[in-house]
Structure formats: C-alpha cells, structure tokens
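Chain and residue survey
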Amino acid sequence: MSQHTDTPTAAKDGHTSRRFFASFYERMSRSSGEQSFMNPLRKEVIDQARGVVLEIGAGNGLNFAFYDPGRVERVEAIEPDSAMLRFARERAAQARVPVNLTQAPVENLPFADESFDSAVVTLVFCSVGDPGRGLSEVRRVLKPGGSLLMVEHVRARGAIAATLQTIITPITKLVAGNCHWNRNTEKTVSEAGFQIEQRRDMGGFMMPVVVLRAVK
Ligand SMILES: C[S@@+](CC[C@H](N)C(=O)[O-])C[C@H]1O[C@@H](n2cnc3c(N)ncnc32)[C@H](O)[C@@H]1O
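Described below are features of the structure shown in this document. Given the structure is predicted, the values throughout are model-derived calculations rather than measurements.

Criteria and thresholds
Numbering of residues begins from 1 in every chain and follows the order in which that chain's sequence is written. Only residues with pLDDT of at least 70 are given local features in this predicted model, and only at 80 or more are side-chain atom pairs given and counted; all residues enter the totals for whole chains, interfaces and linings. Hydrogens and waters are ignored; side-chain quantities use all the structure's heavy atoms. Going along the chain from the N terminus, every DSSP run of H or I of four or more residues is numbered as a helix, and every run of E of two or more is numbered as a strand. Here the radius of gyration uses the C-alpha set of atoms, whereas the globule reference equals 2.2 Å times the residue count to the power 0.38. Three labels apply to residues, based on accessible area from a 1.4 Å probe with only protein chains included: buried if under 20% of the type maximum, exposed if over 50%, partly exposed otherwise in between. Contact criterion: two residues are considered in contact whenever any of their non-hydrogen atoms come within 4.5 Å of each other. Surface exposure here means Shrake-Rupley accessible area, sampled with a 1.4 Å probe, where a residue is shielded only by the protein chains that are shown. When charges are tallied, Lys and Arg are placed among the positive residues and Asp and Glu among the negative ones, while His and the ends of the chain are skipped. To locate a charge, take NZ of a lysine, CZ of an arginine, CG of an aspartate or CD of a glutamate. Strand pairing is assigned whenever DSSP identifies at least 2 bridges connecting the two strands. It suffices for a single heavy atom of a residue to lie within 4 Å of a molecule or strand for the residue to be listed as near it. Think of a polar contact as two N or O atoms within 3.5 Å of one another; within protein, one of them needs to be a possible hydrogen donor and the other a possible acceptor, and neighboring residues in sequence only count if both atoms come from side chains. When residue character is reported, Ala, Val, Leu, Ile, Met, Phe, Trp, Tyr, Cys and Pro are called nonpolar, Asp, Glu, Lys and Arg charged, and the others, Gly included, polar. The nonpolar core is taken to be a set of buried Ala, Val, Leu, Ile, Met, Phe, Trp, Tyr and Cys residues, with the residues joined through side-chain atoms within 4.5 Å. Any helix carries an expected span of 1.5 Å times its number of residues minus one. What the bend at a residue measures is the angle between two axes, fitted to the seven residues ending there and to the seven starting there. For this analysis, a salt bridge means a side-chain nitrogen from Lys or Arg found within 4 Å of a carboxyl oxygen belonging to Asp or Glu.

1. Observations regarding the overall build of the chain
Scanning the chain from terminus to terminus reveals 6 helices and 8 strands. Its helices and strands taken in sequence order, the chain reads β-α-α-β-β-α-β-β-α-β-α-α-β-β from the N to the C terminus. Compactness check: the chain gives a C-alpha radius of gyration of 16 Å against a globular reference of 17 Å for 216 residues, within 12% of the reference. C-alpha atoms of the chain, sized along the principal axes, occupy 45 × 40 × 35 Å. Here the chain, with 216 residues, has 49% of them falling under the buried criterion. Sequence separation of at least 24 residues holds for 71% of the intrachain contacts in the chain that already meet a minimum separation of 6. Total accessible area on the chain is roughly 9,900 Å²; 55% of this is exposed by carbon and sulfur atoms. Here the chain contributes 27 positive and 24 negative side-chain charges, whose respective centroids are spaced 3 Å apart.

2. Examining the pairing of strand β2 (residues 51–56)
With 6 of its 6 residues buried, β2 lies for the most part within the structure. With 4 bridges connecting them, β2 and strand β5 (residues 116–122) associate as parallel partners. Along β5, the bridge assignment pairs E55 with V120.

3. A few points about the site of the ligand
Around the ligand, a shell composed of 19 residues is seen, among which Y25, R42, G57, E79 and T122 lie nearest. Note that an oxygen atom of the ligand is positioned 2.7 Å from one of the side-chain N or O atoms of R42. Relative to its unbound accessible surface of 600 Å², the ligand loses 94% to contact with the protein. Taken together, the residues that form the shell around the ligand break down as 11 nonpolar, 4 polar and 4 charged.

4. Regarding the nonpolar core
Generally speaking, a soluble globular protein has its nonpolar side chains buried in company with each other. Counting residues in hydrophobic clusters, the biggest one holds 27 residues, and the most contacted among them are L54, I56, V138, L148 and F194. Those elements giving two or more residues to this core turn out to be β2, β5, α4 (131–141), β6 (142–153) and β8 (209–215). Residues contacting L148, with those up to four places away along its chain left out, are A119, V121, L135, V138, L142, V189, F194, L212, R213 and A214.

5. Points about unusual backbone geometry
Glycine aside, negative phi is the norm for most residues, and most peptide bonds take the trans geometry. In this structure, E114 takes a positive phi of about 50° despite not being glycine. Within the secondary structure layout, E114 lies in the loop between β4 (99–103) and β5. Residues other than glycine seldom take positive phi values, yet N178 does so here, at roughly 70°. Of note, N178 is situated in the loop between α5 (159–175) and α6 (185–191).

6. Regarding the environment of P105
Mapped onto the elements of the fold, P105 is located in the loop between β4 and β5. Distance from P105 to V128, taken between C-alpha atoms, is 8.2 Å for residues 23 residues apart in sequence.

7. Overview of helix α3 (residues 82–94)
Taking 1.5 Å per residue, 13 residues should reach 18 Å; α3 reaches 19 Å between its end C-alpha atoms and fits that length. Largest kink in α3: about 25°, centred on A88. Every buried residue of α3 is accounted for by A83, M84, L85, A88 and A92. Where α3 begins, one side-chain oxygen reaches toward the backbone nitrogen of A83, 2.8 Å away; that side chain belongs to D81.

8. Focus: the side chain of Q103
Tracing the backbone through its elements, the reader meets Q103 in strand β4. With a relative accessible area of 2%, Q103 lands in the buried category. A distance of 2.9 Å separates the side chain of Q103 from the backbone oxygen of P80, its partner in a polar contact.

9. With respect to the pattern of salt bridges
A complete count under the given rule lists 16 salt bridges for this structure. Note that E191 and K187 form a salt bridge whose closest N and O atoms lie 3.2 Å from each other. In this pair, E191 and K187 are both assigned in helix α6, 4 residues apart and thus about one turn of the helix distant. Using a relative accessible area of 58% as the deciding quantity, one classes E191 as exposed. Here the salt bridges do not stand alone but share partners, grouping K43, D47, D68 and R71 into one network.

This is the structure we're talking about:
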C-alpha cells in the first residue's frame, strides 16, 4: 500500500556517489549479518509506534514490513534521496499498513504542527546536514506526549575510539552518504527539547549503537 509524492521543496540529488551508496546499501541490507543485527532493533522500536507515524530517512524502506496494522493507522515516510526512494517504493507497496512516501529532508518537514503520534528514526541522524534543526522539526510535528523512537550509531564514550571516529569521519562522509561516525545524537535529542525516557547501549567500540525512546 503506497503513494509517492515529490514535493516542490524536495531536496533533489542525482549525484553518482548517492546512487552508488543506495545500491550498495540495498545489497548490504539483504545480507544475513545486517538482518540478524538490525531486524530485532527495527522490530523493538517499531512495536512501540502508534497511530499516525512519521518515519524519517526511510532509505530503501527496510522498516516498512514491521508496522502492525493493529497499532499503526498510517505511515508518512520522508526520504530526500531519489535513488533510495526507488527501492522504498517497492517495499511500501508490500507493507501491511498504508505508507505514503514524500521526498523531503527532515530539516524542512512538509507537515502541520502536532500531526503525528510517533516518529521512527533508524540510522539517519549520522547523515543529516543539520541534526539540531531536523530534531526541532520532528518535535514540531509530534503531538504533545508523542514519542520519538530511535536506533542510531553514535559517538564513542572512550576518548581513543572517539578520536579514531573523528579521524575516519571525512572518509565516511564521502563514501557513505554523509555519514558522521562521531555524532553525539543523544545530546542533540535532549537539546531539541525531548525528554529521554529509555536508552539502551548496544556496545560497539568504533560504532556504538544506542536505542532510545524520547517524548515531546
Ligand atoms: C543509512 S541510511 C538508513 C535508512 C533507513 N532508515 C534504515 O534504517 O535502513 C540513512 C538515510 O538517511 C537519509 N538522510 C540523509 N540526510 C537526510 C535528511 N536531511 N533528512 C532525511 N533523511 C536523510 C539518507 O538519504 C538515507 O536514506
């Protein structure tokens, strides 16, 4: 079940590196290693989503299969990259809930204030151009008491690992869709005005992963 909208304000791309990254990401996401690590985390956060859901940076649509029509009425999924959207459209068509796809960046959400019950974000804020502005936009469109459900790889706590992340970040930005390995996304979530209700560290030396639930 899907619809697709290219908004006039959409961030258009078309760069070869983005197309290359989308194809690489699609191939990687079919691997058993990625699925065995990420699928339980995708299920864990999406099981907490309710009502009308905003999914940010949907990528190639790997989360869509996890939405349960018993809990979720509709998903509005945004994704700025047209190469990713091509894969996402196919997965949206297979979803068990209606999924509307819109080409837009999180920094400029084409939705009214207080429209959503939940927002789902998996592996996105490492790549966003302006994470603070993006999270303020997510807060704007969530209803009071609405939840932000997130899985992100983040800045390492240890000084050595964090320094190595900072050294490698110029390369990951170039080859992995603007991915910053050294971002303290949890701090940015708090600074945007969310209350963090639950957090879980998944460990990882150079690429630690955090699972968060925050409320507006
Ligand atoms: C590593 S992929 C993750 C895709 C998907 N969420 C998943 O869990 O597989 C990161 C995604 O964030 C998207 N992204 C990057 N900058 C963004 C922005 N400013 N607003 C929304 N999404 C963005 C990218 O286009 C890409 O699809």
